[in-house]
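Coordinates in review
So you can see what is in the structure, the chains are spelled out below.
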Amino acid sequence: MTALALDVGGTKLAAAVVADDGTPVEARSVPIPSREAWGACAGLLRQVAEIGAGPVTAVGIASAGPVDTVAGTICPINIPEWSAGFPLVEAVHSLFPGSRVDLVLDGAAAALAEQRVGAGRDVADLLGVVLGTGIGGGLVLGGRIVSGRTGNAGHIGHIVSPYGTTVCACGGVGCVETVASGPSAVRWARAHGWQGHDGAALGADAEAGVGVAAAALERAGTALGQVIASAAALTDVTRVVVGGGFAQSGAHLWRPMLAAAARHARLRFVRDLRIVPAELGALGTLTGASIVAAGHDWIN
Ligand SMILES: [Zn+2]
């Protein structure tokens with residue numbers, strides 16, 4: 001019997017065999033091609049299935065959102081071919097007939113992994129935030145994913161920020177994703193005279209004392225701290241785990257984020273709010289999908 005984990009990201013697919021304790025092993029990944037994404041996905045799944053011992057009995061899928069866990073479809077904004085909706089659960093099921101296939105939002109998978117084996121393993125309740133090209137998230141209460149009606153609970157990137165003025169990829173206006181994702185912070189810095197091109201360079205320039213780079217990170221960090229404090233009050237959590245590539249931007253992002261959160265989280269039940277870096281890095285989402293595949297009592 002073999003369980004598999006699949007992570008459908010914005011630009012790459014990753015899959016692994018799931019060990020009995022829910023850990024992903026023998027992970028493999030491929031870039032998502034511009035056409036025939038399912039062909040690449042099926043090929044990758046067959047490849048890792050061959051490493052496992054015996055027939056595939058369970059597959060845990062974590063996907064970039066939005067997802068529809070009731071219909072078993074995904075419509076990730078970053079994969080044009082699938083953005084109108086792709087029946088991933090059915091497709092995986094026909095690849096491994098008789099298997100149990102479960103789908104969760106990528107941010108929820110990452111949050112579950114941090115709660116079980118990462119930066120939130122000492123608490124039962126946490127909010128996960130993933131800072132990258134967008135801003136993702138997931139909510140774990142009582143040690144289990146809070147999925148919501150269609151699986152999309154935890155989409156913290158689309159809380160409106162007081163700093164937000166521009167149209168978001170979701171169609172709304174002023175979402176915190178338009179202020180504090182890596183590309184959004186870069187766009188603001190460039191509009192104010194900065195010459196660099198990506199979030200990593202922005203962090204490095206802020207460290208080196210470039211004023212506009214530091215200001216861009218301070219603005220992003222402050223906006224993040226505000227929405228994190230709001231979300232903590234909404235969900236009654238005191239642990240927030242922040243991961244993703246842009247979370248590596250250093251103290252120029254983290255200091256204002258922590259300060260803004262402390263300024264806004266004043267209710268007694270969120271006053272102990274702790275915002276900490278994720279521990280599982282790029283493997284967090286695949287680890288969450290593995291815990292789901294292993295069937296370790298993961299959903300509320
Ligand atoms: Zn939005």
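Every value quoted in this text rests on a predicted model; they were computed, and no experiment measured them. (Residues numbered from 1 in each chain as written. Predicted model: local features only at pLDDT ≥ 70, side-chain atom pairs only at ≥ 80, totals over all residues.)

1. Remarks on the nonpolar core
Selection rule: Joining buried Ala, Val, Leu, Ile, Met, Phe, Trp, Tyr and Cys residues through C-beta atoms within 7 Å gives a set, and that set is a nonpolar core. Using C-beta atoms placed from the backbone, we call a residue buried if 20 or more other C-beta atoms fall within 10 Å of its own, exposed if 12 or fewer do, and partly exposed for counts in between. For the purposes of this entry, the term helix denotes a DSSP run of H or I that reaches at least four residues, the term strand denotes a run of E that reaches at least two, and both are numbered from the N terminus. Residue ranges assigned to each domain were obtained from an automatic or database domain assignment. Two residues qualify as being in contact provided that their C-beta atoms, derived from the backbone, are within 7 Å of each other.
The biggest cluster of nonpolar side chains holds 97 residues, and the ones touching the most others in it are Leu 4, Ile 61, Ile 228, Ala 232 and Val 240. Top element by residues in this core is helix H7 (residues 211–235). It accounts for twelve residues. Taken together, domain 1 (2–105 + 283–293) and domain 2 (119–278) each give at least three residues to this core, which thus spans both. Residues contacting Ala 232, with those up to four places away along its chain left out, are Leu 127, Val 237, Thr 238, Val 240, Ala 265, Val 270 and Leu 273.

2. Considerations on unusual backbone geometry
With an omega dihedral of -5 degrees, the bond running from Gly 65 to Pro 66 counts as a cis peptide bond. Relative to the elements of secondary structure, Pro 66 occurs in the loop between strand S4 (56–63) and strand S5 (67–68). At Glu 36, a position not held by glycine, the phi torsion is positive, near 60 degrees. With respect to the helices and strands, Glu 36 occurs in the loop between strand S3 (24–31) and helix H1 (37–51). Residue Glu 36 is classed as exposed on the basis of its 12 C-beta neighbours within 10 Å.

3. Structural notes on the environment of Leu 286
On the secondary structure map, Leu 286 appears in helix H9 (residues 284–293). In contact with Leu 286, other than residues within four places in its own chain, are Ala 5, Asp 7, Ala 14, Ala 16, Pro 24 and Ala 27.

4. Considerations on the domain arrangement of the protein chain
As a reminder, the rule being used: Three classes are used: nonpolar for Ala, Val, Leu, Ile, Met, Phe, Trp, Tyr, Cys and Pro, charged for Asp, Glu, Lys and Arg, and polar for all others, with Gly counted as polar.
Domains assigned within the protein chain are domain 1 (2–105 + 283–293) and domain 2 (119–278). Between the C-alpha centres of domain 1 and domain 2 there is a distance of 27 Å. Taken together, the contact between domain 1 and domain 2 spans twelve residues of the former and twelve residues of the latter. Where the side of domain 1 that touches domain 2 is concerned, the elements lending two or more residues are S5 and strand S7 (100–105). For the side of domain 1 that touches domain 2, the leading source of residues is S7, giving three residues. For the side of domain 1 that touches domain 2, the residue count by class is seven nonpolar, four polar and one charged.

5. Here we look at the sheet that holds S4
Consider a sheet: its strands pair through backbone hydrogen bonds, and that pairing is either parallel or antiparallel. Applicable threshold: Paired strands are those between which DSSP finds at least two bridges. Inter-axis angles, ranging from 0 to 180 degrees, are taken between N-to-C directions of lines fitted to C-alpha atoms, where helices are fitted over the stretch in contact.
Ordered by their spatial adjacency, five strands build an open sheet running S3-S2-S1-S4-S7, and the pairing between neighbours is mixed. A strand with exactly one partner marks an edge of an open sheet, and here the two such strands are S3 and S7. If you compare each strand with its neighbour and ignore which way they point, the axes differ by 15 degrees on average. Bridge count between S4 and S7: six bridges; the pairing is parallel. Counterpart to Gly 60 in the pairing with S7 is Asp 102. Running at roughly 20 degrees to strand S2 (residues 12–18), H1 makes contact with strand S1 (2–8), S2, S3 and S4 of the sheet. Against the sheet, helix H3 (residues 106–117) makes contact with S1, S4 and S7, and its axis sits at roughly 95 degrees relative to S7, the strand it touches most.

6. Concerning the sheet that holds strand S8 (residues 126–131)
As summarised here, the arrangement of the five strands in space is S10-S9-S8-S11-S12, forming an open sheet in which the pairing is mixed. Lying at the two open borders of the sheet, with one neighbouring strand each, are strand S10 (144–145) and strand S12 (274–277). Here strand S11 (residues 239–243) runs beside S12; their pairing, made up of four bridges, is parallel. In the strand pairing of S12, Arg 239 is matched with Arg 274.

7. Focus: the pairing of S2
For S2, the buried fraction is high: six of the seven residues fall into the buried class. Judged from the five bridges that link them, S1 and S2 form a sheet pairing that is antiparallel. In the strand pairing of S2, Asp 7 is matched with Ala 14. Linking two consecutive strands that pair antiparallel, namely S1 and S2, is a turn of three residues. Bridge count between S2 and S3: six bridges; the pairing is antiparallel. Counterpart to Lys 12 in the pairing with S3 is Pro 31. Connecting S2 to the antiparallel partner S3 that follows it, the hairpin turn spans five residues, and Gly 22 within it adopts a positive phi of roughly 90 degrees.

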